[in-house]
Amino acid sequence: MEFRYLPMTDGDKQEMLNTIGIDSTEELFSDIPENVRFNNELNLKKPANEYKLKKELADMAAKNANLKQNRSFLGAGVYDHFIPSVVDHVISRSEFYTAYTPYQPEISQGELQAIFEFQTMISELTGMPVANSSMYDGGTSLAEAVNLSAAQTKRKKILVSKAVHPQSRAVIETYAKGPGLEIVEIDLQDGKTDVNQLSDAIDDETASIVVQYPNFLGQLEPMEEIQTLLESKKKTMFIVSSNPLALGYLTPPAAFGADIVVGDTQVFGIPAQFGGPHCGYFATTKKLMRKVPGRLVGQTTDEDGVRGFVLTLQAREQHIRRDKATSNICSNQALNALASSVAMSSIGKHGLRKMAAINMKKARYAKQVLQQAGVTVAYEGAFFNEFVVKLNKPAASINDRLLEKGFIGGYDLEKDYPGLTGYMLVAVTEIRTKEEIDQFAKELRDING
Amino acid sequence: MANQDFPLIFERSKLGRTSYSLPELDVPDVDLNAELGNKYIRTEAPELPEVSELDIMRHYTGLSNRNYGVDSGFYPLGSCTMKYNPKINEDVARMDGFSHIHPDQPEKSVQGAMEMMYDLQSALREITGMHEVSLQSAAGAHGEWTALMMIRAFHEANGDTERTKVIVPDSAHGTNPASATVAGFEAVTVKSNEKGLVDLEDLKRVVGEDTAALMLTNPNTLGLFETEIVEMAKIVHDAGGKLYYDGANLNAIMGYARPGDMGFDAVHLNLHKTFTGPHGGGGPGSGPVGVSAELQPFLPQPLLIKKEDQFVFDYDRPQSIGRVKPYYGNFGINLRAYTYIRTMGAEGLKKASEYAVLNANYMMRKLEKEYDLPFKQHCKHEFVLSGKHQKKLGVRTLDIAKRLLDYGYHPPTIYFPLNVEEALMVEPTETESKETLDGFIDTMLTIADEARNEPELVQDAPHQTIVKRMDETTAARKPILRYEANSE
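Small disclaimer: the values here were computed from a predicted structure and weren't measured.

Colleague: How would you explain the overall build of chain A if you had to name every residue and give the values?
Modeller: What chain A contains, in helices and strands, is 13 helices and 17 strands. Its C-alpha atoms put chain A at 80 × 55 × 50 Å along the principal axes. For chain A, buried positions account for 68% of its 449 residues. Put simply, chain A shows about 14,700 Å² of open surface, and 46% of that area lies on carbon and sulfur atoms. Taking the average place of the 49 positive charges on the side chains of chain A and the average place of its 56 negative ones, the gap between the two points comes to 5 Å.

So, in structure tokens, the structure goes:
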């Protein structure tokens, strides 16, 4: 069997064995104790040639209903947005994707500068002065923010709105077990965080409060009220998870006094790809700059005074501080951060505002036609590009029917919010056309009855 | 190439220039401002660049030319397994049916994706000898922490709440003690002996009733196989602790030995290393975890299982540690790893390990003539040299690394592991040819010569790169972490 990734020839092998002074490569493995040696052949599928394997995988891919062939109204944290062609052309350059973390700045200026630019873009969007090089995803980035707030305030209680993405809340719960944090969830009122309950729950043990803006149900949280609430609770930190596309139009969390802003840049140039890899971002204040998890890139100069970039403030990190590090994170999502940077550069300052506005306007149109189709809209507050509808049947069964018609329906809220049977979260992005929205309303009317 | 500032994308920006081509607004316009009111409407637009499409391509092509990847040249970065990244992987990952599917679609509409995940889980179970695998963890460090959380949950389920310590060798990667801390444990160190292996006497000293787990990389970060692994497993298990396998170095032993057979209770794998991820300039990676039958109930939820002929996500897992990540892991990376495993099969993976180890030993024997080799036995897929001979001449390992840049190589990992003075950690991987290895060996020997005869040449390196050594001190003291339009 030939293996195209293995350049070893019989002649090379013999010469190398001679140099080492052994007869066979088996001798190189003789230090593995006999009783733990694996003496069988691994039971794996036979090697497949390139043509055959590509065909086999294409067949596997064809079993999935994809977002290109179907019209999707599903969002809930992962969105089907327009991806400019330039994005894939840039991230396909193998000087980027076959490199690793830029430990050697002299030959990694490309990646380092790209990250520095990404940090700048995130800082601009969130209004926060400091942003890191990226995190695994929005959910783990939020969990890291929660852990940071506890470490910083030396408090254990965290108030988390139930309008934060359910899976992010689940990740927070898991992360919280390490440092032993108490997670208190705050109920909702009309699809938004119940500020009265929040106010009652804050005490001198509260490390942080966590909200999502726009929230999981698409609604805009009462940010000013929360900000006011925190004015008398100076030590409690305000953590906000934000869809960065929304921040192209909406007031950035920094303006509401946020201490940490996190989220996912999947909306910019990263396909849904079944939930990952996406790209978390993490932005914060100057005060917390030296506590940030993950890699940070800073600007400096070389010996000749030429501008350049390096990994910096590494005293925070695991490879230096080991068990005293601010986080155990080692990698970042560099390639996806690059994809998002390219998408943000392509969309640009004015394009971003326009794109965010198109999302909002199409979502409002969809809301209106769905109402006309006899569907009840659950919440009437201000929203971004998602809204909740109440249906006459369980959302899962409606989605099955919609799929037959070539639609991927909205998110079934019953999974995460007991009692919300028949409630569906509908997302409308800029790529949905009026015709598709009209058709969706018609199908939903027919199925909903 | 002239050494000069390369413009930032923001510095290429010009008011009125655009690169976007957005879908049009084909629905009736509405007044958003009237609805939202002032408080929610952003007053100042974020300063994203305004550039043309060609500006973008010139900019990022320029940046790519200022970067170095495996496709650019030899990248023997120890512990990172910088092997070739197959192109079919990239093609497959871009197929619509994989890249454009939503994680919340009805399960019946994503059976192909779930089948791939299930097959990958099965393959990784077989390769590691573990009972069950979850693909949810996003990267190596994330997998470490996930596994430790499961071990923690296991002890708690047994009412064993006093197990607060995780033992980590002094040669371990920094993520090991950091993950232990994040999982709520205290990290304690076990020493290495003169052979570079875990000192069994010291292990017996630190192990006890408070031991939750021992974290071990095998072969270890010195590239040496822990030959007393069976004894170590017994010591830790007898004390009631669990054995955790850091899969960073799995590339050395595929088809030769399996962590499950060595007595490990939990493992993580780095799919971006061993299984050609790729590395992406720092990520995304993927760090699946495998566990013994005993730890299986604690795996993250949901777990992908097969029920009759359907693939389903099983959420009914009462003892699960919960979610460690939204959705089901870094699917796109897992898909690339799957494609690689299907390309190689059992025979190919074993050959990969065989040649990775052969390449490393060949280089090691050639280089020990000039560089101190602290541990003399055969190595596995990587080896660690010490630059201490050169240090006596006033040339540091950092200088040697920088000099390698002049010769067009990515340097090895330096100053790691911490238990070797002036460490140079070399991992050639199996995808490099003998000619490439010989070229690098010759260069390393030349640099050793230079260190003796023209030390300044090495001390002042690099000379050929687009920038010289960077002022990292100022970068940390006066951090500039973003571009400011009016700062210069």
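Colleague: Outline the domain arrangement of chain B, listing residues and values.
Modeller: Residues and elements named next belong to chain B. By domain assignment, chain B separates into domain 1 (9–65), domain 2 (89–343) and domain 3 (353–473). Computed from C-alpha coordinates alone, the two centres of domain 2 and domain 3 are separated by 31 Å. Contacts between the two partners involve 24 residues from domain 2, matched on the other side by 19 residues from domain 3. For the pair domain 2 and domain 3, the summed buried surface comes to about 1,500 Å²; carbon and sulfur atoms form 56% of the total. The interface formed by domain 2 and domain 3 contains zero salt bridges. Linking domain 2 to domain 3 there are eight residue pairs in polar contact (both at pLDDT 80 or more). Partitioned by chemical class, the residues of the side of domain 2 that touches domain 3 number eleven nonpolar, ten polar and three charged.

Colleague: Give me the domain arrangement of chain A: which residues, what numbers.
Modeller: Residue and element names in this part refer to chain A. The domain architecture assigned to chain A consists of domain 1 (71–82 + 349–448) and domain 2 (86–342). With centres defined by C-alpha atoms, the gap from domain 1 to domain 2 works out at 27 Å. On the side of domain 2, 28 residues touch domain 1, which itself brings 25 residues to the contact. In total, about 2,200 Å² of surface goes out of reach between domain 1 and domain 2, with carbon and sulfur atoms giving 67% of it. If you sort the residues of domain 1 by the area they bury against domain 2, Tyr379, Phe384 and Tyr417 come out on top, with a joint share of 26%.

Colleague: So what about the environment of A:Ile347? Which residues, and what values?
Modeller: Residues and elements named next belong to chain A. Counting through the fold element by element, Ile347 comes out in helix H11 (residues 334–372). For Ile347, a relative accessible area of 3% corresponds to the buried category. A C-alpha to C-alpha distance of 8.3 Å links Ile347 and Pro84, two positions 263 residues apart in sequence.

Colleague: Tell me what's going on with the interface of chain B and chain A, and back it up with residues and numbers.
Modeller: Taken together, the contacts link 210 residues of chain B with 194 residues of chain A. Between chain B and chain A lies a buried interface of about 17,900 Å² when both sides are counted; carbon and sulfur atoms form 63% of it. At the boundary of chain B and chain A, one finds 101 residue pairs in polar contact (both at pLDDT 80 or more). Of the residues forming the side of chain B that touches chain A, the biggest block, 27 residues, is contributed by helix H11 (residues 331–367) of chain B.

Colleague: Report on the sheet that holds strand E10 (residues 383–386) of chain B, specifying residues and quantitative values.
Modeller: All names here are of chain B. Read from one edge of the open sheet, three strands run E10-E12-E11, paired in antiparallel fashion. Looking at the sheet topology across the chains shown, the edges are occupied by E10 and strand E11 (413–414). With four bridges connecting them, E10 and strand E12 (residues 423–426) associate as antiparallel partners. In the sheet register, Phe383 faces E12, and the bridge partner there is Val426. Contacting E10 and E12, H11 runs over the sheet at an angle of about 15° to E10.

Rules and cut-offs
- Residues numbered from 1 in each chain as written.
- Chains lettered and ligands numbered in written order.
- Predicted model: local features only at pLDDT ≥ 70, side-chain atom pairs only at ≥ 80, totals over all residues.
- Heavy atoms only, no water.
- Helix = DSSP H or I, 4+ residues; strand = E, 2+ residues; numbered from the N terminus.
- Buried < 20%, exposed > 50% of the residue type's maximum accessible area, 1.4 Å probe, protein only.
- Areas by Shrake-Rupley, 256 points an atom, 1.4 Å probe, with all protein chains shown as cover.
- Lys, Arg positive; Asp, Glu negative; His and termini not counted.
- Charge placed at Lys NZ, Arg CZ, Asp CG, Glu CD.
- Domains from an automatic or database assignment.
- Contact = heavy atoms within 4.5 Å.
- Buried area = accessible area lost by both parts, 1.4 Å probe.
- Salt bridge = Lys/Arg side-chain N within 4 Å of Asp/Glu carboxyl O.
- Polar contact = N/O pair within 3.5 Å; in protein donor to acceptor, adjacent residues only side chain to side chain.
- Nonpolar A, V, L, I, M, F, W, Y, C, P; charged D, E, K, R; others polar.
- Pairing = 2+ DSSP bridges.
- Axes fitted to C-alpha atoms, helices over the stretch in contact; angles between N-to-C directions.

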